[in-house]
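# Structural characterization, general
Single-letter residue listing:
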Amino acid sequence: MSEFPSSAKCVIIGAGIVGNCLAGHLARLGWTDMVLIDKGPLPNPGGSTGHASNFIFPTDHNKEMAFLTVDSQNQYIDHGMNNTCGGIEVAREPQRMEEFKRRMTSAKAWGIDARLVTPAEIKELVPFVNEDILLGGYYTPSVSCVDSLATGTRMREEAVATAGMQVFANTEVLDLEVEPAHVPGGLPKIKAVVTDKGRIEAEHVVIACGVWSPRIAAMAGANIPLTPAVHQMADVGPIEVLVESNAEVAYPIIRDMDTFCYERQSAGSMEVGSYAHRPILMRPDDIPSNESAALSPTELPLTYEDFDPQMEQAIELMEMLGDAEIKYAINGLLSLTPDANPVLGETVEVRNLWSAAAVWIKEGPGIAQLVAEWM
């Protein structure tokens, strides 16, 4: 292992999809003298990257986010980590079909291939769906599943190989030091990162540690306004028709928009994810440590009383789910913000302290490139 450095041009805190890709893109832009640290082990340090369902639906009514998502998908493709399977957002209510028409408008405006489909066409694409409860759907052929851990690992290793970046896992950040403003009305500037392995003086520091980002920013007197919130997910299987497909994802992913659930094949099982439950929020300081977590710090025990109603709706859509067992289930922590967008750029309180937080898998590589170019 490298000797722990006493200084660096840039310290990146967080080795999830964002921190890893940011390091890779900074290296491609010519940056050297970089250090990447994470409090967990590699390649999966225990953040949201490790438990996300890793699918990409490209249509967004926000042009910038749609383009960042497509750019991210292209980066996954370049790394050979993109599995195109298609995706269908289905409607149970007439109002949802009206919303799908608006989605078609955005898709056409942004150049995304999509079309409205009938219940019969949905059944043709996904034979085990109960089309009798559906009014129609919005089909996007380019929807895909990606390998975010492997992609991040490749980008991190690229930064090590081409820019000499040093990487330190199992390294806890204890404090961020700032130097006072030198002129009246000026801003303080980031000075150093203090860890349990030593102190690193740094010209730039990037906070890219997902649900922990507000806690780290507060050490420097800065604010990153995101909240760790639960997304429930259960892996249900084995299911014969999925086992027989002999593929990781053989059928389009279903987003059951009126129940706020999704169903995504994972080899011989089906992942059922829910956003329909009550808000289950957590303070960053209350997230368990790597040592005390049963699975990982962001994979908490499923609260079945919240999930059971959604599971019933999923069985209504896919009857086969009722004949299988739940093999793995979590209350998974993700980063949510007031406007549902990421928190990016130099913090308003501290110069050269950067935020690359509240970024999801679908836009991770693209936003990492955006922040790298910004820096």
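Now for a quick tour of the structure. (Residues numbered from 1 in each chain as written. Predicted model: local features only at pLDDT ≥ 70, side-chain atom pairs only at ≥ 80, totals over all residues. Heavy atoms only, no water.)

## Some thoughts on the overall build of the protein chain
For clarity, the threshold we go by: Helical segments are the DSSP runs of H or I of at least four residues, strand segments are the runs of E of at least two, and each set is numbered from the N terminus. Restricting the calculation to C-alpha atoms gives the radius of gyration, and the globule rule supplies 2.2 Å times the number of residues raised to the power 0.38. Any residue under 20% of the maximum accessible area for its type is buried, any over 50% is exposed, and the rest in between are partly exposed; the area is computed with a 1.4 Å probe on protein chains only. Here, residues are in contact when the closest pair of their heavy atoms is within 4.5 Å. The protein chains shown are the only cover counted for residues, whose accessible areas, like all others here, come from Shrake-Rupley with a 1.4 Å probe. The sign given to each residue is positive for Lys and Arg and negative for Asp and Glu; His and the chain ends receive no count. Charge positions are represented by NZ for Lys, CZ for Arg, CG for Asp and CD for Glu.
Each helix and strand in the protein chain was counted, giving nine helices and 20 strands. Here the protein chain has a C-alpha radius of gyration of 21 Å; the compact-globule value for 375 residues is 21 Å, and the two agree. With respect to the principal axes defined by its C-alpha atoms, the protein chain has extents near 70 × 45 × 40 Å. Going through the 375 residues of the protein chain one by one, you find that 56% of them count as buried. Sequence-distant contacts in the protein chain: of pairs separated by 6 or more residues, those separated by 24 or more amount to 75%. Only carbon and sulfur atoms are counted for the fraction: they give 50% of the accessible area of the protein chain, which is about 15800 Å². Side-chain charges of the protein chain comprise 26 positive and 51 negative groups, with the mean position of each set lying 6 Å from the other.

## Structural notes on the packing of helix α1 (residues 17-28) against helix α5 (residues 148-163)
Convention followed: In this analysis, axes come from line fits to C-alpha atoms, helices being fitted only over the stretch in contact, and the angle between any two N-to-C directions falls in the range 0 to 180 degrees. Two helices crossing with the near one rotated counterclockwise from the far one by less than a right angle form a left-handed crossing, whereas a clockwise rotation gives a right-handed crossing. Residue classes follow a fixed rule: Ala, Val, Leu, Ile, Met, Phe, Trp, Tyr, Cys and Pro count as nonpolar, while Asp, Glu, Lys and Arg count as charged, and any other residue, Gly among them, counts as polar.
The geometry of α1 relative to α5 is characterised by a closest axis approach of 8 Å and an angle of 35° between their N-to-C directions. Note on packing geometry: the crossing formed by α1 with α5 is left-handed. On the side of α1, the interface is formed by Ile17, Asn20, Cys21, Ala23, Gly24, His25, Ala27 and Arg28, while α5 contributes Ser148, Thr151, Gly152, Thr153, Met155, Arg156, Glu158, Ala159, Thr162 and Ala163. Looking at side-chain class alone, the contact of α1 with α5 contains seven nonpolar, eight polar and three charged residues.

## Quick word on the sheet that holds strand β3 (residues 55-56)
Condition: Should DSSP find at least two bridges between two strands, the strands are regarded as paired.
Taken together, the three strands give an open sheet; going across it, the order is β3-β8-β4, and neighbouring strands pair in antiparallel fashion. Where the open sheet ends on each side, the last strands, each with one partner, are β3 and β4 (82-84). Alignment of β4 against strand β8 (residues 144-146), held across three bridges, turns out to be antiparallel. Counterpart to Thr84 in the pairing with β8 is Ser144.

## Quick look at helix α8 (residues 304-317)
For clarity, the threshold we go by: To estimate how far a helix should extend, the number of its residues minus one is multiplied by 1.5 Å.
In this model, α8 (14 residues) spans 19 Å end to end at C-alpha, consistent with the 20 Å of a helix rising 1.5 Å per residue. Taken together, the buried positions of α8 are Asp306, Phe307, Gln310, Met311, Ala314 and Leu317.

## Considerations on unusual backbone geometry
Of note, the amide linkage connecting Leu42 to Pro43 takes the cis form, showing an omega dihedral of 10°. Looking at the secondary structure, you find Pro43 in the loop between β2 (34-37) and β3. The omega torsion of the bond from Gly237 to Pro238 falls at -5°, within 30 degrees of zero and hence cis. Take Pro238: it is sitting in the loop between β13 (227-237) and α7 (240-245). For Asn54, which is not glycine, the phi torsion reads 65° and is therefore positive. Along the chain, Asn54 falls in the loop between β2 and β3. Of note, the phi angle at Ala358 is positive, near 60°, even though the residue is not glycine. Here Ala358 shows up in the loop between β20 (353-357) and α9 (364-374).

## What to know about helix α3 (residues 94-110)
Here is the rule we go by: Arc definition: it is the arc formed by the directions from the helix axis to the C-beta atoms.
A rise of 1.5 Å per residue sets the reference length of α3, with its 17 residues, at 24 Å; its end C-alpha atoms lie 25 Å apart and thus fit the reference within 8%. Turning to α3, its buried residues are Arg96, Met97, Phe100, Arg103, Met104, Ser106 and Ala107. Down the axis of α3, the buried side of the element spans an arc of 165°, and every buried residue falls inside it. Facing away from the buried side of α3 by more than 90 degrees, the exposed set consists of Pro94, Gln95, Thr105, Lys108 and Ala109. Looking at the buried side of α3, the elements it contacts are β5 (87-91), β6 (115-117), β7 (136-140) and β14 (253-256). Just downstream of α3 lies Gly111, where phi reads positive at about 80°.

## Regarding the pairing of strand β18 (residues 325-336)
Judged from the eleven bridges that link them, β13 and β18 form a sheet pairing that is antiparallel. By the bridge assignment, Val230 is partnered in β18 with Leu333. Sheet topology note: the strand β17 (residues 299-301)/β18 ladder contains three bridges and is antiparallel. Counterpart to Leu300 in the pairing with β18 is Asn331.

## Some thoughts on the environment of Glu64
Turning to its location among the elements, Glu64 is positioned in helix α2 (residues 63-78). For Glu64 and Lys123, which are 59 residues apart along the polypeptide, the C-alpha to C-alpha distance reads 33 Å.

Any functional reading would require information that these geometric values do not contain.
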